[in-house]
Structure formats: structure tokens, C-alpha cells
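Residues per chain, in single letters:
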Amino acid sequence: MESEFIRLAQSGNQDAVNTLVETYQQMVFAVCYRMLNQRTEAEDAAQEAIIKAVMNLKSYDADRPFKPWILRIASNECIDRIRRRKEALSLDGMGEDGAWEWQVGNSPNPEAEVIKDQRHEEIRQMLETLAPIDRTVVTLFYWEGMAYTEIGEVTGLSVSAVKSRLFRARRTMAELLVQEESYAG
Amino acid sequence: MQDKYGKPTQYDMHSDAWWIRALDGELSTDEHAQWEIHLDGCDECRIQWQALVAVDMLMQDPVPVPQLDVSFTQVTVQKIAEKQRLRRILSFIAGTLIVSLVTLFVFSMVTSAFNSMEQGLRVAFSARHLLFSALMDTMVNLVVSWQAVLPIAIGGALIAFALLVPNGILAAVLYTRRRRRAAVAAGQA
């Protein structure tokens with residue numbers, strides 16, 4: 001079914017292109033948002049990635065799964081943006097829009113929300129310390145639930161390289177966690 | 001490698017490969033038992049393992065992702081249509097340019113060949129007068145020289161006629177000599 005409308009999109013069918021965009025936009029945006037930490041930039045990156053994917057559909061092999069292919073384009077777009085960034089994200093969580101990022105609005109349980117926000121802040125800080133490619137691996141493993149082989153297809157790494165990068169990223173984050181706990185303690 | 005009881009173990013529990021397998025839950029029952037024993041005895045490994053487990057648990061709580069605006073699809077599709085239109089225009093311009101360059105090249109080659117042919121024809125046509133006049137001169141010269149040669153030729157033809165035709169002079173002379181020889185031979189006999 002998916003391969004059918006992708007083939008139609010490859011042949012230039014506009015309805016199939018629309019369906020493709022609608023089907024994958026949220027997933028691509030989720031990956032971009034978790035890598036870039038900013039909504040506006042994540043939207044721009046997701047849009048660019050989807051446009052690039054559609055404009056280069058003829059180079060896609062319809063016999064292979066589409067998700068790793070489009071996520072590869074999205075992750076490369078995010079990595080390029082991270083490298084081009086001149087200003088570091090502020091550590092208090094304020095985004096460039098002046099709004100809090102990764103925060104929930106009105107909630108019946110403000111204490112739990114504050115704890116959740118703190119955890120998300122910890123995650124964000126930990127991810128910020130990682131190299132762009134490691135951030136991609138961590139995002140795809142934990143939040144997209146992708147297998148090592150799929151992550152390898154997205155990042156262009158071998159399975160053993162993915163495992164190695166993931167382990168080192170986890171270890172880096174673990175060290176940061178231990179440091180924070182020792183400062184807090 | 002040795003465990004805390006001093007017994008040798010076959011596993012390198014400080015290698016990345018071991019830790020990756022442990023985190024992925026790929027240890028066998030025996031390996032898992034050995035790992036537990038090792039963690040009991042190795043403070044550094046235990047602290048790191050606990051931190052890794054804490055990171056795993058932290059990361060299990062996904063960062064919430066906001067929903068995209070409804071207009072995102074429309075804007076994206078619009079941008080795609082614009083890029084496709086631009087690509088078609090650029091392809092058309094590139095194609096026209098290539099065809100024009102090829103046409104210009106072929107045209108210049110043909111023009112050059114045509115010019116050469118035209119020059120050749122012009123030379124041939126202008127040389128036609130020369131050839132004709134040379135031919136006429138030759139014919140006239142032949143006629144003039146033929147006038148000088150004609151009496152000799154007629155004389156020679158007449159002589160040849162007189163000599164060679166049957167009952168001609170040569171035949172008569174040969175007949176006469178043959179008769180005389182026969183007569184002489186008959187007289188001797």
C-alpha cells in the first residue's frame with residue numbers, strides 16, 4: 001500500500017505527493033524537534049527535509065523501506081543546522097521565540113509537571129553535549145524505537161558502529177547524571 | 001580476569017562489547033550470574049551500571065512533541081509545487097540552450113561545407129570557359145594540322161588501296177611472278 005502511493009508520487013501524481021507529506025510530516029517533525037530543541041527551527045528543518053525527499057523521489061528505491069530513507073534526509077538536515085548554529089541554546093530553557101521549550105502549560109498537577117520538566121531539561125542538557133551523529137542515534141533508538149539496522153540505514157553506519165556510538169552516548173550521559181547528582185548531593 | 005573470590009573468569013567485563021551486550025539483555029544465564037557477581041565486587045562498574053540504568057529510565061520518558069499546525073501540509077505542498085515548476089523551467093531553458101548550441105554548431109559546419117562547395121562550383125563554372133576554349137583551340141589546331149596532313153594521308157590510302165585490294169597492283173605482280181616461275185619450271189622439265 002505504502003509502496004504503491006510512493007510509486008505514484010515518483011511518477012508525479014500530486015495526490016500521492018500530498019498523501020506522502022501528510023503521512024510522514026509528524027514523524028519527521030518529531031525527530032527534528034528532539035534533535036534541535038526548538039519548534040520553529042524544527043518545523044523549518046522538517047519542511048526542508050520533506051521537500052528534499054519529494055524532489056529526489058526518483059533516486060529512492062521503492063523496494064526498500066521508506067521510513068529510514070526519509071529520516072536519513074531529516075537527520076542530515078538537522079546535523080547541518082546544528083553545525084551552522086552560531087548561538088548555543090540558553091541553559092534556562094528559553095527558546096529563541098522567548099517561550100519555554102519542552103514545557104507543558106496549565107496542568108492539574110503542577111508538582112508532577114515541574115518534575116517532568118526538570119527531567120526533560122536534564123535530557124535536553126545531556127543531548128546537547130553529544131555530537132550531532134550521536135544525538136541522532138540516541139533519538140532514533142529511544143524515541144523512534146528503531147532497530148540497530150534501521151538506525152544504520154538512516155545514519156550510514158554499520159550495526160556495530162551504531163551499537164558503539166549508542167553505548168558511548170549513554171556513558172557520556174551517565175557521567176553527566178552522576179556529576180549532577182554529586183553536585184546536588 | 002578474576003572474580004571477587006579469586007576465581008578466574010573467561011569474560012572481559014570491562015570491555016565495551018560486554019557492556020553493550022549487558023545493556024541489550026543479550027547475556028546468557030551464566031554470563032548474567034557472573035555479571036551480578038562482578039557488580040557486587042567492582043564499585044566503579046556498579047556505579048556506572050546504575051547510572052546507565054538511570055539514563056535508560058530517564059530516556060524512556062519521551063520528550064513530548066507538539067502537533068504540527070494544520071497549515072503545515074498546505075505550505076509544504078505549495079513549496080514543493082513551486083520547486084517542481086522552477087525545475088521544469090530550468091530544464092526547459094537548459095534543453096533549449098543545448099539544442100541551440102548543437103544547431104549552431106551543425107549550421108556552422110554545414111555553412112562551411114556549403115561555402116567550400118560553392119567555391120568549388122564557382123571554380124568549375126569559371127574554368128568551363130577555359131576548358132571550352134582549350135577544346136576549341138585543340139579542334140581548330142587539329143583541323144589545321146589535318147589540312148597539312150590530308151594529301152599525304154590520301155596518297156597513302158590510295159597506295160594502300162592499289163597495293164592491297166584484290167586484283168590490285170600487288171596481286172598482279174605476285175601473279176605474274178608465280179606464272180613466270182611455273183613456266184621456268186615447266187621449261188626445265
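About the criteria used
- Residues numbered from 1 in each chain as written.
- Chains lettered and ligands numbered in written order.
- Predicted model: local features only at pLDDT ≥ 70, side-chain atom pairs only at ≥ 80, totals over all residues.
- Heavy atoms only, no water.
- Contact = heavy atoms within 4.5 Å.
- Buried area = accessible area lost by both parts, 1.4 Å probe.
- Salt bridge = Lys/Arg side-chain N within 4 Å of Asp/Glu carboxyl O.
- Polar contact = N/O pair within 3.5 Å; in protein donor to acceptor, adjacent residues only side chain to side chain.
- Helix = DSSP H or I, 4+ residues; strand = E, 2+ residues; numbered from the N terminus.
- Nonpolar A, V, L, I, M, F, W, Y, C, P; charged D, E, K, R; others polar.
- Buried < 20%, exposed > 50% of the residue type's maximum accessible area, 1.4 Å probe, protein only.
- Expected span 1.5 Å × (residues − 1).
- Core = buried A, V, L, I, M, F, W, Y, C linked by side-chain atoms within 4.5 Å.

Caption draft 1: Up close: the interface of chain B and chain A. If you look at the interface, chain B gives 35 residues, while chain A gives 41 residues. Counting each side, the surface lost to burial between chain B and chain A is near 3900 Å², with a carbon and sulfur contribution of 66%. Ranking the residues of chain B by area buried against chain A places B:L58, B:M59 and B:V63 at the top, with a combined share of 18%. Here chain B is connected to chain A by three salt bridges. Remark: the boundary between chain B and chain A carries 12 residue pairs in polar contact (both at pLDDT 80 or more). Mapped onto the side of chain B that touches chain A, the elements with two or more residues apiece are helix 1 (16-23), helix 3 (43-59) and helix 4 (71-164) of chain B. With 10 residues, the single largest contributor to the side of chain B that touches chain A is helix 4 of chain B. When grouped by side-chain class, the residues that make up the side of chain B that touches chain A number 20 nonpolar, six polar and nine charged.

Caption draft 2: A look at unusual backbone geometry. Residue and element names in this part refer to chain A. Backbone geometry at N37 places phi at a positive 70°, although glycine is not the residue there. With respect to the helices and strands, N37 occurs in the loop between helix 2 (14-36) and helix 3 (39-55). By relative accessible area, N37 is classed as buried at 2%.

Caption draft 3: Just helix 3 of chain A, in detail. Between its terminal C-alpha atoms helix 3 of chain A stretches 24 Å, which fits the 24 Å expected from 17 residues at 1.5 Å a residue. Taken across its 17 residues, helix 3 of chain A has 12 buried, putting it largely inside the fold. When we look at burial in helix 3 of chain A, the residues that qualify are A:E41, A:A42, A:E43, A:A45, A:A46, A:Q47, A:A49, A:I50, A:I51, A:A53, A:V54 and A:M55. Residues of helix 3 of chain A that are buried in the fold lie against helix 2 and helix 4 (66-84) of chain A together with helix 4 of chain B.

Caption draft 4: View of the nonpolar core. The biggest cluster of nonpolar side chains holds 80 residues, and the ones touching the most others in it are A:L20, A:V28, A:F66, A:V138, B:W35 and B:M59. Take this core: its biggest share by element is 13 residues, from helix 2 of chain A. In this structure, A:V138 is in contact with A:L127, A:L130, A:W143, A:L166, A:A169, A:M173 and B:M59, ignoring residues within four places of it in sequence.

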